[in-house]
Every structure is written in C-alpha cells, then in structure tokens.
Amino acid sequence: MKSLLRYLGSYKKESILAPLFKLLEALFELFVPLVMARIIDIGIKNSDIGYILKMGGLLILLGIIGLVCSLTAQYFAAKAAVGFGTALRHDLFQHIQSLSYSEVDTVGTSTLITRMTSDINQVQAGVNLFLRLFMRSPFIVFGAMIMAFTIDWKAAMIFVITIPALSVVVFGIMLVSIPMYRKVQSRLDRVTQLTRENLVGARVIRAFNRQKDERENFTEANALLMKVQVFVGKITALLNPVTYIIINVAIVVLLWVGANQVNNGIILQGAVVALVNYMSQILVELVKLANLIINITKSLACANRIQNVMELKPSLTEYSTTEVKETNSENYIEFDHVTFAYQNAKEPSLSDISFKVKKGQTIGIIGGTGSGKSSLINLIPRFYDATKGKITVDGTDIKRYPLNQIRTMVGIVPQKAVLFKGTIAENMRWGKKDATEAEMMEALKTAQAAEVVEGKEGGLNADILQGGKNLSGGQRQRLTIARALVKKPEILILDDSASALDYATDAKLRKAIKKMDRNMTVFIVSQRSTTIQYADQIIVLDDGKMVGIGKHEELLRSCEVYQEIYYSQFPKEGR
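Residues numbered from 1 in each chain as written. Predicted model: local features only at pLDDT ≥ 70, side-chain atom pairs only at ≥ 80, totals over all residues. Heavy atoms only, no water.

**Comments concerning the packing of helix H14 (residues 437–446) against helix H16 (residues 473–485)**
Consideration 1: Packing of H14 against H16 leaves a shortest axis separation of 8 Å and a crossing angle of 130°. Relative to H16, the element H14 lies oblique. With respect to the hand of their crossing, H14 and H16 are arranged in right-handed fashion. Mapping the contact onto sequence places Ala 443, Leu 444 and Thr 446 in H14 and Leu 479, Ala 482 and Leu 485 in H16.
Consideration 2: Partitioning the contact of H14 with H16 into residue classes produces five nonpolar, one polar and no charged. (Axes fitted to C-alpha atoms, helices over the stretch in contact; angles between N-to-C directions. Helix = DSSP H or I, 4+ residues; strand = E, 2+ residues; numbered from the N terminus. Parallel < 35°, antiparallel > 145°, perpendicular 65-115°, else oblique. Left-handed = near helix turned anticlockwise from the far one by under 90°. Contact = heavy atoms within 4.5 Å. Nonpolar A, V, L, I, M, F, W, Y, C, P; charged D, E, K, R; others polar.)

Okay, here's the thing in structure tokens:
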C-alpha cells in the first residue's frame with residue numbers, strides 16, 4: 001500500500017485540507033451540547049425567550065458552518081480519491097500492457113479484470129473514507145471526554161470506563177472480521193472468473209448443452225461467496241447491539257450520577273443533557289471508526305492484490321532501444337538449437353529446434369495438436385523468449401531488436417480472429433495508422449475480403465460489433481488477415497488463420513499473398529497439408545520436436561509423421 005500512496009502526491013493540498021475541514025466540523029459539533037446546556041439552564045429556567053432565540057440562532061449558525069466544512073472536506077477528499085484511482089488505474093493498465101504473454105497466462109485474465117475494476121474502486125473508496133474520518137472520529141471521542149471533564153469530573157469518569165469497553169468490542173469484532181474479508185475477495189475472484197468464462201463461451205456451453213452444469217458450478221461458487229459474506233456479516237452485526245447495550249448502560253449510570261449531582265447542587269440539568277449528548281457522540285464516532293477500519297482493511301487487501309500485479313516484472317527484457325539496420329544476411333531468420341518452456345511448465349514445449357529461412361521464402365509449419373506450432377511462431381515477434389538457444393533475424397540476435405521494431409516488421413494473424421468494436425476502417429488501421437482507403441482496399445482484395453466490405457452498408461465505415469459478433473467466422477478471419485497485410489510486413493505469420501475458409505478461397509489467398517511482395521517472408525501454420533503443400537520449406541513438429549524439414553515430396557518419402565497427416569486427409573493417395 002505504501003508504494004501506491006505515491007499516487008496521492010499530486011493531491012497533497014487536498015489530502016491536507018480534507019481532514020482539516022473535518023476537524024473544524026468536529027470542533028463546532030463539540031460546542032453544540034454546551035449551547036444546549038445553556039439554553040436549558042439559562043433560557044428555559046428563566047423563561048428568557050430572547051436568550052433561547054439567540055442560542056437557537058447560534059445552534060443554526062454552528063450547523064451551517066459545520067455543513068459548509070463537511071461539504072468542503074467531502075469535495076477535497078473526493079477529488080484526491082478520484083484522482084488517486086484514475087492515476088492508479090492508468091498505471092496498472094499500462095503495466096499490464098507491458099507484461100509478456102507468460103505473466104498474463106500466469107495471473108489470468110479474470111484476475112486482472114478484478115484488479116482493474118472492483119479492487120481499484122475499493123481502494124479509491126478507502127482513500128476517500130480515510131481522508132474524511134481518520135482524524136475526525138478520534139478527535140470527537142477524546143474531545144467529548146475532555147469536554148465532559150469540564151462539566152463534572154465524577155460524571156466524566158464514566159466516560160473513562162465506557163470508552164475502553166467500547167473500544168474492546170469494536171476492535172475485537174474488527175480483528176475477527178478482517179481475515180474474513182480477504183476470503184470474501186478470493187471467493188469474488190472465483191465468481192468473476194466463472195461469469196467471464198460463461199459470457200465468453202456462451203455458444204460453446206449451449207452447443208454442448210452444459211447450461212445445467214455451468215449453473216451448478218456458478219451456484220456452488222456463489223454459495224461459497226454468500227456463506228463467507230453471511231458469516232462475516234453476522235460477526236459485524238454484533239457491533240451495533242453490543243455497543244448500544246454498553247452505551248445505554250453507561251447513559252443510565254450517567255443519568256443516575258448526574259441526578260445525584262443535580263440534587264446536590266453541583267451541576268444543573270442542562271449539564272446532564274450535555275453529558276448524555278457527548279456519550280452519544282462517542283458511540284456514533286466509535287462505530288464510524290470501526291466501519292472505517294473495516295473498510296480500510298478491505299482496501300488494504302485490495303491494494304496488496306494490486307501491488308502484487310504491479311510488482312510483476314515482464315519476463316521480456318528490451319536489451320536495446322537502438323534500431324537495428326538491415327544487413328541483407330544470407331539467412332534471414334535462423335533458429336539455432338532453440339528450446340522453449342512455458343512458465344512453471346514441467347516439460348518444454350519446443351526442444352532443440354534448428355532451421356534457416358531465406359528472405360522471401362514461404363515456410364509451412366504442420367503437426368498434431370499440441371505439437372508446438374503456435375509456440376514456435378510466437379517466438380519470432382518475441383511474445384515469449386526462448387529458454388535456450390538463439391534466434392536471429394537478418395543476422396542479428398532477435399533480443400537486440402527494440403520490441404517496437406521487431407513487431408513492426410512482423411504482421412501476425414492469430415488463431416482466434418480478434419476484431420474490435422468500431423468500423424472496418426478503424427480495425428484495418430490497427431495495421432497501419434495512416435493507411436489510405438486505396439491501401440486498405442488492396443489489402444482486403446489480397447485477403448479475399450473485398451466482398452465482405454462491399455456487402456456491408458457503409459463499406460469501410462460499416463460498424464463491427466465487439467469481437468466481430470456481426471460477422472461470420474470466415475469473414476472475421478479474412479479481415480484480420482487484411483489488417484496484417486495493410487502494414488506490408490517483412491515477416492507475415494498466419495497461425496492457422498484460414499481454418500474457416502474453403503479450399504478455393506484458401507488457395508486464392510495464398511496465391512495473392514505470394515504476388516503481393518516477393519521479399520515478404522511468410523510463415524503458414526496449418527492443419528491442412530494442402531495449405532502448406534507448395535511452401536519452400538515445411539517444418540514438421542511432433543511433441544515439441546522437429547521431426548522433419550523439407551519440401552512436400554521429400555517429406556512424403558522420408559517423414560512418417562508428415563505421411564500420417566497427409567494420407568489421413570487424402571486416403572486415396574495412400575493406397
């Protein structure tokens with residue numbers, strides 16, 4: 001939490017003024033019982049209407065001044081808290097963007113969403129409450145006790161006994177409930193995760209008729225959350241009745257002692273009323289303080305969870321910010337005994353991979369599910385770093401390239417076609433910010449997606465829903481391919497990105513890409529042997545190992561894994 005407090009640095013003035021104005025409000029509040037005592041002991045006793053009206057006016061004035069101080073304190077506290085939350089949210093988002101795939105995979109998307117939303121909101125609310133109450137409540141408690149001593153020391157001794165008793169109850173309940181609030185946040189994470197999975201995978205769930213199972217899973221997680229919340233609620237529910245019992249007993253004793261003092265002529269009736277008011281103020285402020293501490297505890301738990309994310313160091317290190325110049329190396333891309341393992345994985349996903357690629361070549365990558373195809377191509381734009389071995393691009397170690405440069409060189413179309421809410425043109429300009437309409441249409445034609453735009457009202461300005469929900473799977477894939485092509489990358493990676501296309505469209509796409517730029521090096525990951533059949537080189541992967549490399553005809557003669565894949569798709573040719 002301490003490291004997060006730096007976000008209040010820009011709001012030092014507000015962080016000082018908010019509690020100061022709250023102290024002023026509390027100060028005026030402490031004078032109210034004394035004014036009431038004067039009204040009773042002087043005004044009412046002497047039937048002095050003028051005095052009563054004068055003191056009544058003073059009460060109204062104290063109320064107005066207190067209200068102004070309270071509103072001013074709330075304004076400064078809210079300004080500081082909202083500014084704190086905005087700055088923290090901005091930096092957390094920026095930090096998440098800097099994390100590599102490894103950290104995002106480890107932490108989990110639903111967890112990061114919770115940190116960005118409910119956790120930051122809780123911390124922001126905690127800062128607001130802290131600035132308003134952390135000085136006011138103790139000031140009222142001790143101030144009321146001091147004021148009681150100015151009235152009558154014998155009656156004030158009741159305060160000396162009552163305040164510790166109330167403190168034991170309040171802070172005892174607080175200490176028991178604090179760990180439970182941490183469990184609540186943990187259970188909330190699970191509910192958030194299930195909710196996200198069900199929303200994202202709604203079609204799959206319905207396709208497999210798993211609605212009942214998912215409802216049961218959600219009900220179970222929700223019940224666990226409710227169980228913890230109810231338990232901690234029962235504990236905190238004890239706060240009010242127990243404290244009210246103590247305070248009411250104290251008031252009864254106070255009235256008994258006060259009555260004796262009045263009978264003995266030591267104090268007047270108004271003083272007893274003032275003492276009771278001070279006792280009530282103490283009760284209210286102690287309950288407020290307890291709620292403040294509980295909220296602060298929840299905020300601290302959330303702040304620690306945010307801090308844990310902020311402390312995550314990107315596993316990818318940018319070793320240089322100096323742009324690497326083109327050298328026209330004979331081998332444009334080279335993998336030299338590359339091994340790669342995901343974080344916390346027991347076994348490597350790729351083992352001892354070596355191959356060389358010349359500029360302008362088309363490389364096909366094929367293999368069974370889980371063979372490491374996507375892992376291999378994700379190393380080229382440095383989404384991950386190799387665990388062992390070396391990867392060079394144009395003769396230079398890939399780690400010596402600034403991340404911005406290497407990712408500008410690479411155009412990648414992932415397995416899952418991801419489009420963003422906006423127009424087709426806005427999505428296309430993710431590839432190139434200043435792309436002209438002509439450049440976009442050229443890329444769309446190459447990607448066999450021109451008909452998608454022409455069939456939409458508004459053309460390039462047609463709206464796309466979040467995730468491209470208003471497009472078919474094939475349309476989404478072609479638009480993501482066009483988005484990668486519009487930047488005219490030096491290296492194009494198609495990660496099984498034509499799976500939703502028919503064979504004819506797939507063939508046209510490959511032919512159009514080949515014509516587009518002879519110097520563009522293309523990696524095609526596919527389950528279809530026809531898609532990579534005419535590649536300059538085909539890399540065959542099996543269980544993370546490279547079991548074959550060469551042209552189609554060579555692999556059909558020498559590679560059993562390739563033979564098995566090919567003849568499973570064309571059984572007649574295997575007879």
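**Brief notes about the pattern of salt bridges**
Consideration 1: Applying the stated criterion across every chain, the model contains 13 salt bridges.
Consideration 2: Residue Asp 213 is joined to Arg 210 by a salt bridge in which the shortest nitrogen-to-oxygen separation is 2.5 Å.
Consideration 3: Looking at Asp 213, the relative accessible area reads 29%, which means it is partly exposed.
Consideration 4: Glu 451 is paired through a salt bridge with Arg 478; the nearest N and O atoms lie 3.3 Å apart. Here Glu 451, found in helix H15 (residues 450–454), pairs with Arg 478, found in helix H16; they are 27 residues apart in sequence, far enough to count as distant.
Consideration 5: Assessed through its relative accessible area of 54%, Glu 451 is described here as exposed.
Consideration 6: Each of Lys 22, Glu 25, Glu 29, Arg 136 and Glu 285 takes part in salt bridges that share partners, so that together they form one network. (Salt bridge = Lys/Arg side-chain N within 4 Å of Asp/Glu carboxyl O. Buried < 20%, exposed > 50% of the residue type's maximum accessible area, 1.4 Å probe, protein only.)

**Some details on the UniProt feature "domain: ABC transmembrane type-1" (unreviewed entry) in the protein**
Consideration 1: Under the UniProt annotation, "domain: ABC transmembrane type-1" (unreviewed entry) lies at residues 16–298.
Consideration 2: End C-alpha atoms of residues 16–298 are separated by 23 Å, and the span's content is 93% helix alongside 0% strand. (UniProt positions renumbered as here; feature names shortened; annotations may be inferred.)

**Considering the packing of helix H2 (residues 49–98) against helix H4 (residues 109–133)**
Consideration 1: Close contact between H2 and H4 brings their axes to 9 Å; oriented N to C, the two are set at 155°. It follows from the interaxial angle that H2 and H4 lie roughly antiparallel. Once H2 is placed against H4, the crossing between them reads as right-handed.
Consideration 2: When grouped by side-chain class, the residues that make up the contact of H2 with H4 number 16 nonpolar, five polar and three charged.

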